[in-house]
Amino acid sequence: MSWPAYTVAAILTWGTVGYVQKISANLLGPAAVVFWATIGYVVAALALLPYLPAHRPALTATVLILGLSSGLLNNIANWFLYSALHKGAPASIAIPLTALYPLVTVLLALTLLHESLSLRQGIGALLAVVGGVLLSYERPSGSDA
Amino acid sequence: MSASAGVATDSKRRWGWLVHCLIALLLWGVWGLVSKLLTDRVGSVEGQVLFSFGMLPVALFGAWKVGRRALVASPGGIAYGLGGLGLLAAAGNLCFFAALAAGPVSLVSPAISVYPLVTVCLAVFFLRERISALQACGIVVAVAGLALLS
């Protein structure tokens, strides 16, 4: 499968996760949500173990550090977002604001990985992220704006 | 002196959350890059396994901080957390890693950021929510962005 096909699968899955997040909001506190979600990830990881390719690249220190820090960074970011909401951040600002993060990734990829985007792709990337930001804006409850 | 300290505390309280949001924004931004470096070196399944175990320290620290009672306060919350936000999100992350292994992160990451489109559609369909004018703009802009990226 090509990257667009996997991307569409990720959009559909994460979009559904967003819906689950919406209908389960406030059932548990942020730390508990992060805890159970992580346990779900670990259960899924254990279920994946038999599907590890037989001929896989060696588990070098670099791979180990990159893999573990990828999970660590993601969950620390989750923690900061939840903590911002806990500190009284309006969700209508905090969630769209943090949804800008792919722009940071794009800037890092262009500068550090020397990836390149055509003008068309650059505009597309910007519009996709801005679209995501606008879509993640939720009216503050009680407001009809 | 005390007045200015009061102002400082007040502004810290008012803007503290903004700093936390910006830290989250930066960390997720770096996460995208680190994930690309990872999937350039191993397959998406191996990457996903390492990623999942990397999440554990934060989860365990949070659990230790709030205590057992807060963790099990709602059986429904546990089910949604484990299933919807854990297993399902893990499946999404595996797709994200597979996309990263096959394509440039500067295209994959912005393209995936339109996922709230699906959330909004589900909320309209199942919860009969109304789409706001801003969200309607978001749909047009996101679809235009995807079209230019593809």
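These figures come from a predicted structure and were not determined experimentally.

### Comments concerning the overall build of chain B
No. 1: A count of helical and extended segments in chain B gives seven helices and zero strands.
No. 2: Starting at the N terminus, the α and β elements of chain B follow one another as α-α-α-α-α-α-α.
No. 3: Here the C-alpha atoms of chain B give a radius of gyration of 20 Å, more than 25% beyond the 15 Å that 2.2 N^0.38 yields for 150 residues.
No. 4: Based on the C-alpha atoms only, the size of chain B along its principal axes is roughly 55 × 40 × 35 Å.
No. 5: Evaluated residue by residue, chain B yields a buried proportion of 49% over its 150 residues.
No. 6: A sequence separation of at least 24 residues applies to 71% of the contacts in chain B between residues at least 6 apart.

### Details of the interface of chain B and chain A
No. 1: Contacts between chain B and chain A engage 101 residues on the former and 101 residues on the latter.
No. 2: Of the residues forming the side of chain B that touches chain A, the biggest block, 21 residues, is contributed by helix H4 (residues 75-102) of chain B.
No. 3: Here the side of chain B that touches chain A is built from residues that sort into 68 nonpolar, 29 polar and four charged.

### Remarks on the confidence of the model for chain B
Predicted coordinates in regions of low pLDDT should not be interpreted in detail.
Residues and elements named next belong to chain B.
No. 1: When pLDDT is averaged along chain B, the result is 92, and 91% of the positions lie at 70 or above.
No. 2: Mean pLDDT per element in chain B: helix H1 (residues 2-39) is the minimum at 83, and helix H5 (residues 105-112) is the maximum at 97.
No. 3: Across the predicted assembly, pTM comes out at 0.91 and ipTM at 0.92.

### Regarding the environment of Ile95(A)
Residues and elements named next belong to chain A.
No. 1: In this fold, Ile95 is placed in helix H4 (residues 91-98).
No. 2: By the C-beta count within 10 Å, which is 20 here, Ile95 ends up buried.
No. 3: Considered as a pair, Ile95 and Ala9 are 86 residues apart in the sequence and their alpha carbons are 22 Å apart.

### Quick word on unusual backbone geometry
No. 1: Phi is positive for His114(A), close to 55 degrees, though the residue is something other than glycine.
No. 2: By the element assignment, His114(A) lies in the loop between helix H5 (101-112) and helix H6 (119-135).

### Let's talk about helix H3 (residues 61-86) of chain A
No. 1: Compared with an ideal rise of 1.5 Å per residue, which puts 26 residues at 38 Å, H3(A) spans 36 Å between its outermost C-alpha atoms and is within 8% of the ideal.
No. 2: Just past H3(A), the residue Gly88(A) takes up positive phi, approximately 100 degrees.

### Considerations on the confidence of the model for chain A
No. 1: In this model, chain A carries a mean pLDDT of 91, and residues with pLDDT of at least 70 account for 97%.
No. 2: Of all secondary-structure elements in chain A, the lowest mean pLDDT belongs to H4(A), at 89, while H5(A) reaches the highest, 97.

### A look at the packing of H3(A) against helix H2 (residues 44-66) of chain B
No. 1: Look at H3(A) against H2(B): their axes get within 7 Å of each other, and the N-to-C directions meet at 45 degrees. In terms of their interaxial angle, H3(A) and H2(B) are classed as oblique. For the pair H3(A) and H2(B), the sense of crossing is right-handed. Between H3(A), through Leu64(A), Gly67(A), Leu68(A), Ser69(A), Ser70(A), Gly71(A), Leu72(A), Asn74(A), Asn75(A), Ile76(A) and Trp79(A), and H2(B), the contact on the second element is made entirely by Gly47(B), Leu50(B), Phe51(B), Ser52(B), Phe53(B), Gly54(B), Met55(B), Pro57(B), Val58(B), Ala59(B) and Gly62(B).
No. 2: Here the residues of the contact of H3(A) with H2(B) sort into twelve nonpolar, ten polar and no charged.

### Comments concerning the nonpolar core
No. 1: Counting 92 residues, the largest nonpolar core has Val34(A), Ala77(A), Ala128(A), Cys21(B) and Ala24(B) as the members making the most contacts within it.
No. 2: At 14 residues, H4(B) tops the list of elements feeding residues into this core.
No. 3: Counting residues domain by domain, this core receives three or more from each of domain 1 (2-103) and domain 2 (114-150) of chain B.
No. 4: Excluding residues that lie within four positions of it along the chain, Ala128(A) makes contacts with Pro110(B), Ala111(B), Ser113(B), Val114(B), Ala142(B), Gly145(B), Leu146(B) and Leu149(B).

### Describing the domain arrangement of chain B
No. 1: Domain parsing of chain B yields domain 1 (2-103) and domain 2 (114-150).
No. 2: Distance from the C-alpha centre of domain 1 of chain B to the C-alpha centre of domain 2 of chain B: 24 Å.

Criteria and cut-off values
Residues numbered from 1 in each chain as written. Chains lettered and ligands numbered in written order. Predicted model: local features only at pLDDT ≥ 70, side-chain atom pairs only at ≥ 80, totals over all residues. Helix = DSSP H or I, 4+ residues; strand = E, 2+ residues; numbered from the N terminus. Rg over C-alpha atoms; globule rule 2.2 N^0.38 Å. Buried ≥ 20, exposed ≤ 12 C-beta atoms within 10 Å, placed from the backbone. Contact = placed C-beta atoms within 7 Å. Nonpolar A, V, L, I, M, F, W, Y, C, P; charged D, E, K, R; others polar. pLDDT = per-residue confidence, 0-100. Expected span 1.5 Å × (residues − 1). Axes fitted to C-alpha atoms, helices over the stretch in contact; angles between N-to-C directions. Parallel < 35°, antiparallel > 145°, perpendicular 65-115°, else oblique. Left-handed = near helix turned anticlockwise from the far one by under 90°. Core = buried A, V, L, I, M, F, W, Y, C linked by C-beta atoms within 7 Å. Domains from an automatic or database assignment.

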